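# Results of the structural survey
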Amino acid sequence: MQRIFLLILFSTLIFYSCEENPEYKFNESGVLLTSPKGWSVVDKEDFGSGYYLCIEKDGFDSSAVISFSWVNESLNVKDYIENYKDELKDNIVYKNSNLTFEPIVKSEYNKIESYSSRFKFSLLSLDHEGILFSFIKNGRTYIIFKQEAIEDKAKNSIGFKEIEESFIIQ
């Protein structure tokens, strides 16, 4: 009887752990966005002087992550990107990953004029790429960090697009 109970319990855990997370509507501090089905908000924190939100694609072997951070003041966006780059270079995960950055260029994120810098690295012999966007809107300085394994780009593109297109600052 104990084995049957354990089998049912194990089967239930597997079933529920394989389910995709539902769509989630984020609405904090005048920032709206949607985390699509199959993606999860894994961290969010209001610091009073700013905010941090991190979203990852569901799945044990998923590589997609995007984070939104902002401070409640206007900073030099190019300096903000450079500081973020320095933090990544000093991070233990990226330290021995052959992390390289492209120069900062003008770009846009969901039709918001910004500056960005693309980057590449290799983690556990798997090539990754990402981009940092930064801009000022309504007196706040934002930075968006997006990365993924290159081999997962096709699987991640729809989710990243849904997140970007839903991103609104009121």
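Residues numbered from 1 in each chain as written. Predicted model: local features only at pLDDT ≥ 70, side-chain atom pairs only at ≥ 80, totals over all residues. Heavy atoms only, no water.

## What about a negative patch on the surface?
Applied cut-off: The patch calculation keeps residues exceeding 30% relative accessible area without a salt bridge and links them within 9 Å when they carry like charges or within 5 Å when they are nonpolar (Val, Leu, Ile, Met, Phe, Trp, Tyr). All accessible areas in this document rest on Shrake-Rupley with a 1.4 Å probe, and a residue is counted as covered only by the protein chains that are shown. The salt bridge definition used is simple: a Lys or Arg side-chain nitrogen within 4 Å of an Asp or Glu carboxyl oxygen. None of His or the chain ends enter the tally, which takes Lys and Arg as positive and Asp and Glu as negative. Charged side chains are reduced to one point each, which is NZ for Lys, CZ for Arg, CG for Asp and CD for Glu. For the purposes of this entry, the term helix denotes a DSSP run of H or I that reaches at least four residues, the term strand denotes a run of E that reaches at least two, and both are numbered from the N terminus. Any residue under 20% of the maximum accessible area for its type is buried, any over 50% is exposed, and the rest in between are partly exposed; the area is computed with a 1.4 Å probe on protein chains only.
Side chains of Glu28, Asp43, Glu45 and Asp46 sit close together on the surface and give a patch of like negative charge. Ranked by residues supplied to the negative patch, first place goes to strand S3 (residues 39-46) with three residues. Tracing the backbone shows Glu28 in strand S1 (residues 24-28). A relative accessible area of 31% means that Glu28 is categorised as partly exposed.

## Things to note about the side chain of Gln147
Put simply, the rule reads: For the purposes of these results, a polar contact is taken to be a pair of N or O atoms within 3.5 Å, where, inside protein, one atom must be able to donate a hydrogen and its partner to accept one; residues adjacent in sequence count only when each atom of the pair is a side-chain atom. We call two residues in contact whenever any of their non-hydrogen atoms come within 4.5 Å of each other.
Tracing the chain through its elements places Gln147 in strand S10 (residues 140-149). A relative accessible area of 10% places Gln147 in the buried class. Separated by 2.6 Å, the side chains of Gln147 and Tyr94 make a polar contact. Apart from the residues lying within four places of it in its own chain, the contact partners of Gln147 are Ser63, Ala64, Val65, Tyr94, Phe119, Phe121, Glu129, Gly130 and Phe160.

## Considering the sheet that holds strand S11 (residues 168-169)
Quick reminder of the rule: The rule for pairing is simple: two strands pair if DSSP sees at least two bridges between them. Note on definitions: angles span 0 to 180 degrees between N-to-C directions of axes, and those axes are lines fitted to C-alpha atoms, for helices only across the stretch in contact.
Spatially, the three strands line up as an open sheet ordered S1-S2-S11, and their pairing is antiparallel. The sheet terminates laterally at S1 and S11, the two strands that pair on one side only. The pairing of strand S2 (residues 31-35) with S11 spans two bridges and is antiparallel. Directly across from Leu32, in S11, lies its bridge partner Ile168. In the packing of helix H3 (residues 153-166) onto the sheet, contacts are made with S2 and S11, and the angle to S2 comes to roughly 160°.

## Some words on helix H2 (residues 77-90)
Worth spelling out the cut-off: Here a helix's expected span is defined as the number of its residues, less one, multiplied by 1.5 Å. Working note: the arc is built from the helix axis to C-beta atom directions.
Taking 1.5 Å per residue as the helical rise, H2 with its 14 residues ought to reach 20 Å, and the 20 Å between its terminal C-alpha atoms agrees with that figure. Buried within H2 we find Val77, Tyr80, Ile81, Tyr84, Lys85 and Leu88. Axial view of H2: buried residues confined to an arc of 140°, hence all on one face. On its buried face, H2 sits against strand S5 (65-71), strand S6 (100-101), strand S8 (112-123), strand S9 (126-137) and S10. Two or three places before Lys78, at the opening of H2, Asn76 has a side-chain oxygen 3.0 Å from that residue's backbone nitrogen.

## A word on the confidence of the model for the chain
Formally: Each residue carries a pLDDT score, the predictor's own confidence in it, on a scale running from 0 to 100.
For the chain, mean pLDDT is 90; residues scoring 70 or higher make up 89% of the total. Contacts from residues 1-17, a stretch scored under 50 in pLDDT, to residues over four places away or in other chains number zero contacts.

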